[in-house]
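# Analysis of the macromolecular model
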Amino acid sequence: MNAFQFSCSSPDFTIRTAPDGTVFRANRAKLAAGSGVFRDMFGMCDDDVDSNLTHAKAIPITDVNQGLEVQERPEIFGLLLALIHESPTIIGEIGYPDSDEEESSPEHDVNGTLPVPPPSTSLVESTPLPELIPYPLLSPLFDLLDKYDVTASYVNTIADHLKRNAPQHPLQIYSLAHRLSLTNTNLLPIASYASQFLLSPPLESYTLDEIDENFPSLRAYHRLTLLHAHRKEKLREVLITEQLFPHDYGLCVKHSEASRTIWAAHKRSMEARITAGIDLPAEMAIVKGSFTSCPTCELACDRAIAMMQYKVNKIAYTFDRVPGAM
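Each value, and the rule that gives it
- Residues numbered from 1 in each chain as written.
- Predicted model: local features only at pLDDT ≥ 70, side-chain atom pairs only at ≥ 80, totals over all residues.
- Heavy atoms only, no water.
- Helix = DSSP H or I, 4+ residues; strand = E, 2+ residues; numbered from the N terminus.
- Buried < 20%, exposed > 50% of the residue type's maximum accessible area, 1.4 Å probe, protein only.
- Contact = heavy atoms within 4.5 Å.
- Areas by Shrake-Rupley, 256 points an atom, 1.4 Å probe, with all protein chains shown as cover.
- Phe/Tyr/Trp six-rings, centres within 6.5 Å; stacked < 30°, edge-to-face > 60°.
- Pairing = 2+ DSSP bridges.
- Patch = residues over 30% accessible without salt bridge, like charges linked within 9 Å, V, L, I, M, F, W, Y side chains within 5 Å.
- Salt bridge = Lys/Arg side-chain N within 4 Å of Asp/Glu carboxyl O.
- Lys, Arg positive; Asp, Glu negative; His and termini not counted.
- Charge placed at Lys NZ, Arg CZ, Asp CG, Glu CD.

Okay, the overall build of the chain next. Along the chain, the regular secondary structure elements total 13 helices and three strands. Counting the 326 residues in the chain, one finds 42% classified as buried. Sequence separation of 24 or more characterises 69% of the internal contacts of the chain that already satisfy a separation of 6 or more. Accessible area of the chain: about 17300 Å², with a carbon and sulfur share of 51%.

Structure, rendered in structure tokens:
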């Protein structure tokens, strides 16, 4: 994979990745504002203090006035630089911004403790992040966010990329978000968001190797188990209780008995095939073909399926809405 082509309009610092030798030219003020590691490193060199800072020790420094060499993959490090050269994303919950929420003070990050870049850094232009960072790059990028102590408000930006990868890579994002949530609980809602794309196949279809590979903890597996069990129970309740002519409403005097028998038989066949991800109204709509000769019975079928759809839409489809899963 090629290195991310990062560039900066006002560079005053050079960083080279080893062993490939890719050179990135960055802005010191942006680096210091976005990363605790760079902030400590520049502070140590500028103030000529003892080199006993924990963050500074994490990076091998050659000559800070000439540049820096780091042992990082260039395609990942370029994304990190692009991130901390952008304005941070400040949101209340990952992936669910609230436009009415009060914004943080312009002089502090979301935690209210760290100063933002001096005003002059707002004039620094740089290569923007890709519209969507590919899933394979997200896990190592999150590792760099932790390694370089990137300010929390910037992490929100990458969390949004994590969420937007969920529809295409649900199991991988579910797993990664759970792993990351061990140290950042704000990322657990992304795991829950991904769970709606894991309603099929049934959990019993996973092999032991697939479970070991894709579920980083018992909690991650158990939450999905609870979601599947909850949905199957609620879907079964909807199926069993939905009647073709509830309280004889819209009753077809001529065919009611035969139509009810057909409806009940199809429900019995469906009950044995219920899974967490089944489209119950669509499956029940198949029986509509048996009523086409009678407009009254066909209308009753349409109404029953529409009511079924309404009830199904109320069933939890993410684990955060399931009792005991959080």
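This part takes up the packing of aromatic side chains. The tally for this structure, following the rule as stated, stands at ten aromatic pairs. The interplanar angle of 85 degrees and the centroid separation of 6.2 Å between the aromatic rings of Tyr174 and Phe319 together place this pair among those described as edge-to-face. Taken together, the residues span a long stretch of sequence, with Tyr174 in helix α7 (residues 170-181) and Phe319 in the segment after α13 (295-313) at a distance of 145 residues. Here Tyr174 and Phe319 have matching classes, each one buried. Ring plane angle 75 degrees and centroid distance 5.5 Å describe the contact between Tyr193 and Phe197, whose orientation is recorded as edge-to-face. Of the residues examined, Phe197 reaches a relative accessible area of 30% and is grouped as partly exposed. Three or more aromatic residues joined by ring pairs form one cluster here, namely Phe13, Phe24, Phe38, Phe42, Phe77 and Tyr148.

To continue, consider the environment of Ala264. You can see Ala264 is positioned in helix α11 (residues 256-271). The exposure class assigned to Ala264 is partly exposed, which follows from its relative accessible area of 27%. With 21 residues separating them in the primary sequence, Ala264 and Gln243 have C-alpha atoms 8.5 Å apart.

Another aspect to go through is the side chain of Ser175. Inspection of the secondary structure puts Ser175 in helix α7. For Ser175, a relative accessible area of 14% translates into the label buried. Aside from chain neighbours lying at most four places away, what touches Ser175 is Asn214 and Pro216.

Quick look at the pairing of strand β1 (residues 13-17) now. Each regular strand displays side chains that alternate between the two surfaces of the sheet. Here β1 shows one buried face, formed by Phe13, Ile15 and Thr17, and one open face, formed by Thr14 and Arg16. As defined by bridge partners, β1 adjoins strand β2 (residues 23-26) across four bridges and the pair is classed as antiparallel. Its bridge partner being in β2, Arg16 is matched across the sheet by Val23. Here β1 hands over to β2 after five residues, with Gly21 in that stretch at a positive phi of 85 degrees. As paired elements, β1 and strand β3 (residues 68-70) share three bridges and run parallel to each other. The partner of Ile15 across the bridge, within β3, is Leu68.

Quick look at a negative patch on the surface now. Together, Asp209, Glu210, Asp212 and Glu213 line one region of the surface with negative charge. You can see Asp212 is positioned in helix α9 (residues 208-214). Look at Asp212 and you get exposed, because its relative accessible area is 62%.

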